[in-house]
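# Coordinate analysis (summary)
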Amino acid sequence: MTRELRLYDISVTVNRDTPEWPGDTAFSSDWSTTIAAGDSVNVSAMTSSAHVGTHADAPLHVHDGWPGSHELPLDAFCGRAMVVDVSDSDGEISLDVLAGRVPGDLQERVGRAQRLLLKTGHSIAVGRFPEKWPTLSEKCARALLGFGVRLLGVDCPSVDARDSRNLPVHHMLFSGNACLLENLDLRRVPPGDYELLAFPLKLMGMDAAPVRAVLRDI
Ligand SMILES: [Zn+2]
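Given the structure is predicted, the values throughout are model-derived calculations rather than measurements.

So, how was this worked out
Residues numbered from 1 in each chain as written. Predicted model: local features only at pLDDT ≥ 70, side-chain atom pairs only at ≥ 80, totals over all residues. Helix = DSSP H or I, 4+ residues; strand = E, 2+ residues; numbered from the N terminus. Rg over C-alpha atoms; globule rule 2.2 N^0.38 Å. Buried ≥ 20, exposed ≤ 12 C-beta atoms within 10 Å, placed from the backbone. Contact = placed C-beta atoms within 7 Å. Pairing = 2+ DSSP bridges. Axes fitted to C-alpha atoms, helices over the stretch in contact; angles between N-to-C directions. Core = buried A, V, L, I, M, F, W, Y, C linked by C-beta atoms within 7 Å.

### Points about the overall build of the protein chain
Helix and strand counts for the protein chain come out as four helices and 13 strands. Over its C-alpha atoms the protein chain spans a radius of gyration of 18 Å, differing by no more than 12% from the 17 Å that the globule rule assigns to 218 residues. In terms of overall dimensions, the protein chain has C-alpha extents of about 65 × 55 × 30 Å along its principal axes. Each of the 218 residues in the protein chain was classed as buried or not, and the buried ones make up 36%. Within the protein chain, contacts between residues at least 6 apart in sequence are counted, and of these 75% link residues at least 24 apart.

### Points about the sheet that holds strand β5 (residues 78–85)
Read from one edge to the other, the open sheet built from nine strands follows the order β1-β13-β11-β5-β7-β9-β10-β4-β12, with strand pairing classed as mixed. Each end of this open sheet is capped by a strand with a single partner; those strands are β1 (7–9) and β12 (208–210). Each adjacent strand pair in this sheet contributes to an overall mean axis angle of 30°, direction not counted. Where β1 meets strand β13 (residues 214–217), three bridges bridge the pair, whose relative direction is antiparallel. Bridge pairing links L7 to R216 in β13.

### Topic: the pairing of strand β11 (residues 192–197)
Here is the key point about a regular strand: its side chains alternate between the two faces of the sheet. The sheet contact formed by β5 and β11 spans six bridges and is antiparallel. Counterpart to V83 in the pairing with β11 is G192. Note: β11 against β13, four bridges, orientation antiparallel. Residue pairing for β13: L197 is matched across the bridge by V214.

### What to know about the nonpolar core
Judged by nonpolar contacts, the single largest core of 49 residues is most densely connected at A56, L116 and L152. Once you skip the residues sitting within four places of it in the chain, A56 turns out to touch L72, F77, C179, L180, L181, P200, A208, A209 and V211.

### Things to note about the environment of A208
Within the fold, A208 resides in strand β12. C-beta crowding within 10 Å serves as the criterion here: with 23 such atoms nearby, A208 is assigned to the buried category. The spatial distance from the C-alpha of A208 to the C-alpha of L60 is 8.1 Å, given a sequence separation of 148 residues. Dropping the residues within four chain positions of it, A208 is found in contact with A50, H51, H55, A56, D57, A58, H61 and S69.

### Some remarks on unusual backbone geometry
Phi at Q114 takes a positive value of approximately 65°, unusual for a residue other than glycine. Looking at the element boundaries, Q114 is found in the loop between α2 (106–113) and β7 (115–119). A residue is classified by how many C-beta atoms lie within 10 Å of it, and Q114, with 19 of them, is partly exposed. Positive phi values are uncommon outside glycine, yet N177 reaches one of about 65°. The topology assignment puts N177 in the loop between α4 (168–175) and β10 (179–182).

### Examining the environment of A143
Relative to the helices and strands, A143 resides in helix α3 (residues 138–147). Taking the C-alpha atoms as reference, A143 lies 8.8 Å from Q107; in sequence the two are 36 residues apart.

### Comments concerning the environment of L196
Inspection of the secondary structure puts L196 in strand β11. Classification of L196 by C-beta neighbours within 10 Å gives buried; the count is 26. Residues L196 and G23, spaced 173 residues apart in sequence, show a C-alpha to C-alpha distance of 31 Å. Apart from the residues within four sequence positions on either side, L196 is in contact with C78, G79, A81, R115 and L215.

Following this line, the structure appears as structure tokens:
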């Protein structure tokens with residue numbers, strides 16, 4: 001007997017109401033041709049930041065010469081992933097705080113899942129850009145790399161703080177060859193282990209690429 005595997009769409013809807021990072025290019029779209037106007041097809045065109053909605057950052061985002069969007073490793077974006085609820089955290093998330101949110105041994109769980117998705121409860125999915133959100137401490141990010149993490153995903157707009165200028169968590173994780181997903185919608189996903197599927201669009205040489213992110217029960 002086969003079991004129906006549940007899919008969770010953890011992508012933010014993209015339209016002109018999708019909140020962009022303050023100062024970034026807002027998403028907009030228009031019709032180039034329409035059937036209503038006598039054209040044979042409806043065709044639209046869009047303008048957007050590469051960081052629109054749910055997306056993968058490329059290392060190029062924080063460092064000239066680092067890999068761009070087309071060089072993101074596909075295998076990091078599919079496979080086992082662990083969702084951890086840190087929504088009661090404020091400010092920096094230490095390794096101890098994270099360990100307190102994960103049943104069992106954190107190193108063993110992260111090493112097995114390799115992909116960690118943090119539910120901070122500060123997502124643009126609610127229709128507005130959050131004022132602030134909790135972030136991993138640099139020490140915690142370094143420890144996670146040591147545990148074998150290959151991808152960090154967050155439901156907030158950045159893995160670093162909103163007012164961060166030097167983006168230490170971006171730098172730390174990219175230096176350790178880990179990948180990043182931002183602006184996930186984890187509101188309906190209970191903490192636990194899943195299979196993640198979230199491939200970045202094959203855009204050449206950009207600093208980020210939108211993804212359609214999905215979790216599947218395992
Ligand atoms: Zn980004």
